[in-house]
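Single-letter residue listing:
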Amino acid sequence: MDRKDWMGLLARAPADILADLWDGLGLSPAYRWLRAPEVGGVMVQGRAGGTGAPFNLGEMTVTRCALTLADGAVGHAYVQGRDKRQAEQAALVDALMQGPEAGRVRGGLLEPLAAQMQARDSTRAAKAAATKVEFFTLVRGDD
Amino acid sequence: MYVAVKGGERAIENAHAWLAEERRGDPAVPELSVAQIREQMALAVNRVMAEGSLYDPDLAALAIKQARGDLIEAVFLIRAYRTTLPRFGSSLPVETAQMRCDRRISATFKDAPGGQVLGPTFDYTHRLLDFKLAAEGDVAPAPQAAPQAGPVPHITDFLNRDGLIQTEEQSEEAPPDLTRQPLEFPANRALRLQSLTRGDEGFVLGLAYSTQRGYARNHAFVGELRIGRVAVEMEVPELGFAIQIGEVELTECETVNQFSGSKTEPAQFTRGYGLVFGQTERKAISMALVDRALRWRELGEDNLGAAAQDEEFVLSHCDNIQATGFLEHIKLPHYVDFQSELELVRRLRAEAEAAREAAE
């Protein structure tokens, strides 16, 4: 899991699951805000016909922040929604992943978070698969 | 004579207090939570996100609660909130070919790779009221089967290989944004698609239906309809690379339309496209039909004078917030306007009366 992967995971994570895992880590590093959490919008683009020229589909809410730990590591977060606490925890995770606590954060937070989200996706995919149509051909008469 | 008046503060305050009480309804009935609306009125939430043009299910649910279930009022609240948000940037275009599909059907190819996946649909229900829902009760978990691996390809890709369907124009040009620049005509397709995806579902549905009934008929098949979740990525300047900033549920509809060829083009199928926030199937199909009708000029078709072909008519009237804003303002005080009209009518009548008396 590289930085791009964990930032994406943290952006999509349900805030309550992230909060529980963060509390479970028992880390409370000192930090300073570089950019306090801020709620804003991002314009989501689609493509005409799914493959053609881009167009503006509509906005989504995003919360971002940046902070620095005492050792100088800088953590960034862009998370979906308006939860400033989630953004703060995501930025702390991002910063810690660049230092000596990386192993603990990976094993105690990122991997279980990825597993939970994977399980959620798999359950939906399994329900979708159960609604797949199996066609059968009726025997036709000879005349 | 113009007389400035003011007043009504107490009446307005009391009206709003009564509104709050009526919104709550009978206090003996438990109050709805925002989470209940988000989870159990999900399709209303999706419509408010799509037409409010802001993907945030909690905010849309709150707006529905505040608006007492008036979805256009809820869209209005979301649009107003949206204007207060700083814009962090634009995402990369979402890759709908990578969608994790809950539903994916084709009306044109029975044996499409990836199969016909119905998802949680109202189709094939009998539309009989289910009185069991009037009582509280647990719901049995939905059956599961082995999920299929990998992304599901778009069905139009298969037609594309044989050149039987028109290819989408490739471009990476930054699209116009009608939330930033006023609408101008002629509009390009990107602007039309933005306008339609946030347009009123009823209006877009009505126009789409008009094309099916023969006003600029373009006989559409649903080549593919898919509903599911896609990741949203954005370039973040301070990082120097793109990251996922979230995931949105989308409904995508690709229509395959008859096209008998023109002076310059051989006969081939053409496309209409719908892409809408949330599970919003009726809207996405409607959008695709209207998109196709509006493409008459680039496809060298005749302008038959149908409403669905007139981009100025469609784009200027599909926004329900603009429409309801102008429509509803006429109920607000127009005392002075009306007084001048009244005086005019009285003068005209007096003049006519005087002219008749003079003639006698």
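All values reported here derive from a predicted model rather than from experimental measurement.

**Digging into the overall build of chain A**
So, step 1. Helices and strands together make up the secondary structure of chain A, namely four helices and three strands.
So, step 2. Rg of the C-alpha trace for chain A: 21 Å, well past the compact-globule value of 15 Å for 143 residues, more than 25% over.
So, step 3. C-alpha atoms of chain A, sized along the principal axes, occupy 85 × 35 × 25 Å.
So, step 4. Buried residues in chain A amount to 50% of all 143 residues.
So, step 5. Of the roughly 6400 Å² of accessible surface on chain A, 50% is carried by carbon and sulfur atoms.
So, step 6. Once the 17 positive and 17 negative side-chain charges of chain A are each reduced to a mean point, those two points are 5 Å apart.

**Topic: the packing of helix α7 (residues 189-197) of chain B against helix α9 (residues 281-294) of chain B**
Residue and element names in this part refer to chain B.
So, step 1. For the pair α7 and α9, the least separation of the axes is 10 Å and the interaxial angle reads 150°. Overall, the two elements α7 and α9 adopt an arrangement that is roughly antiparallel. By crossing handedness, the relation of α7 to α9 is classed as right-handed. Across from R189, R192, L193, L196 and T197 in α7, the residues of α9 making contact are K283, M287, V290, D291 and L294.
So, step 2. Looking at side-chain class alone, the contact of α7 with α9 contains five nonpolar, one polar and four charged residues.

**Side note on the domain arrangement of chain B**
Residues and elements named next belong to chain B.
So, step 1. When the domains of chain B are assigned, the result is domain 1 (10-82) and domain 2 (96-119 + 150-168 + 176-324).
So, step 2. A separation of 29 Å is found between the C-alpha centroids of domain 1 and domain 2.
So, step 3. The interface is formed by 14 residues belonging to domain 1 together with 20 residues belonging to domain 2.
So, step 4. Both sides of the domain 1 and domain 2 interface together cover about 1400 Å² of buried area, and 57% of this is carbon and sulfur.
So, step 5. The interface formed by domain 1 and domain 2 contains two salt bridges.
So, step 6. The closest approach of N and O atoms between D319 and R79, which form a salt bridge, is 3.0 Å.
So, step 7. The interface formed by domain 1 and domain 2 includes seven residue pairs in polar contact (both at pLDDT 80 or more).
So, step 8. Looking at the side of domain 1 that touches domain 2, the elements with two or more residues in it are α3 (42-52), β1 (54-55) and α5 (71-82).

**Digging into the sheet that holds strand β6 (residues 270-277) of chain B**
All names here are of chain B.
So, step 1. The strand order across the open sheet formed by four strands is β3-β4-β5-β6, and the pairing between neighbours is antiparallel. Both outer strands of the open sheet, β3 (100-105) and β6, are each paired with one neighbouring strand and no more. Averaged over all pairs of adjacent strands, the angle between their axes in this sheet comes to 25°, without regard to strand direction.
So, step 2. Of the pairings in the sheet, the one linking strand β4 (residues 220-236) to strand β5 (residues 241-257) comprises 16 bridges and is antiparallel in character. Each residue of the ladder has a partner; that of R229, found in β5, is E249.
So, step 3. Sheet strands touched by α9: β3, β4, β5 and β6. Its angle to β6, the strand with the most contacts, is close to 145°.

**Examining unusual backbone geometry**
Residue and element names in this part refer to chain B.
So, step 1. Along the chain, F185 connects to P186 via a cis peptide bond; the corresponding omega equals 0°.
So, step 2. The residue P186 is located in the loop between α6 (156-161) and α7 in this model.
So, step 3. A positive phi is found at R68, a non-glycine position, where the angle reads about 55°.
So, step 4. Here R68 lies in the loop between α4 (57-66) and α5.
So, step 5. One non-glycine residue, R127, lies in the positive phi region at around 55°.
So, step 6. Inspection of the secondary structure assignment puts R127 in the loop between β3 and α6.
So, step 7. Overall, R127 belongs to the exposed group, its relative accessible area being 61%.

**Quick notes on the nonpolar core**
So, step 1. Counting 98 residues, the largest nonpolar core has L10, M60, L109 and L113 of chain A together with I245 and L250 of chain B as its most contacted members.
So, step 2. Residue contributions to this core reach at least three from each of two domains, namely domain 1 (10-82) and domain 2 (96-119 + 150-168 + 176-324) of chain B.

**Re the interface of chain A and chain B**
So, step 1. At the junction of the two partners, chain A supplies 54 residues and chain B supplies 76 residues.
So, step 2. Both faces combined, the contact of chain A with chain B buries some 5600 Å², and carbon together with sulfur accounts for 59% of it.
So, step 3. Looking only at chain A, the three residues that lose the most surface to chain B are L57, E59 and Y78 of chain A, adding up to 12% of its buried area.
So, step 4. With its nearest N and O atoms 2.7 Å apart, the salt bridge here joins E238 of chain B to R35 of chain A.

**Points about the packing of α3 of chain B against α4 of chain B**
Residues and elements named next belong to chain B.
So, step 1. Direction vectors running N to C along α3 and α4 enclose 105°, while the axes themselves pass 9 Å from each other. Our classification of the angle between α3 and α4 gives roughly perpendicular. Contacts from A44, V45, V48 and M49 in α3 reach P57, A60, A61 and I64 in α4.

**Considering the state of the cysteines**
When the sulfur atoms of two cysteines share a covalent bond, that bond is a disulfide.
Residues and elements named next belong to chain B.
So, step 1. Enumeration over the complete set of coordinates arrives at zero disulfides over all chains.
So, step 2. Here C253 stays free of any disulfide, with the sulfur of C101 as its closest cysteine sulfur at 13 Å.
So, step 3. By relative accessible area, C253 is classed as buried at 0%.

So, how was this worked out
- Residues numbered from 1 in each chain as written.
- Chains lettered and ligands numbered in written order.
- Predicted model: local features only at pLDDT ≥ 70, side-chain atom pairs only at ≥ 80, totals over all residues.
- Heavy atoms only, no water.
- Helix = DSSP H or I, 4+ residues; strand = E, 2+ residues; numbered from the N terminus.
- Rg over C-alpha atoms; globule rule 2.2 N^0.38 Å.
- Buried < 20%, exposed > 50% of the residue type's maximum accessible area, 1.4 Å probe, protein only.
- Areas by Shrake-Rupley, 256 points an atom, 1.4 Å probe, with all protein chains shown as cover.
- Lys, Arg positive; Asp, Glu negative; His and termini not counted.
- Charge placed at Lys NZ, Arg CZ, Asp CG, Glu CD.
- Axes fitted to C-alpha atoms, helices over the stretch in contact; angles between N-to-C directions.
- Parallel < 35°, antiparallel > 145°, perpendicular 65-115°, else oblique.
- Left-handed = near helix turned anticlockwise from the far one by under 90°.
- Contact = heavy atoms within 4.5 Å.
- Nonpolar A, V, L, I, M, F, W, Y, C, P; charged D, E, K, R; others polar.
- Domains from an automatic or database assignment.
- Buried area = accessible area lost by both parts, 1.4 Å probe.
- Salt bridge = Lys/Arg side-chain N within 4 Å of Asp/Glu carboxyl O.
- Polar contact = N/O pair within 3.5 Å; in protein donor to acceptor, adjacent residues only side chain to side chain.
- Pairing = 2+ DSSP bridges.
- Core = buried A, V, L, I, M, F, W, Y, C linked by side-chain atoms within 4.5 Å.
- Disulfide = S-S within 2.5 Å.

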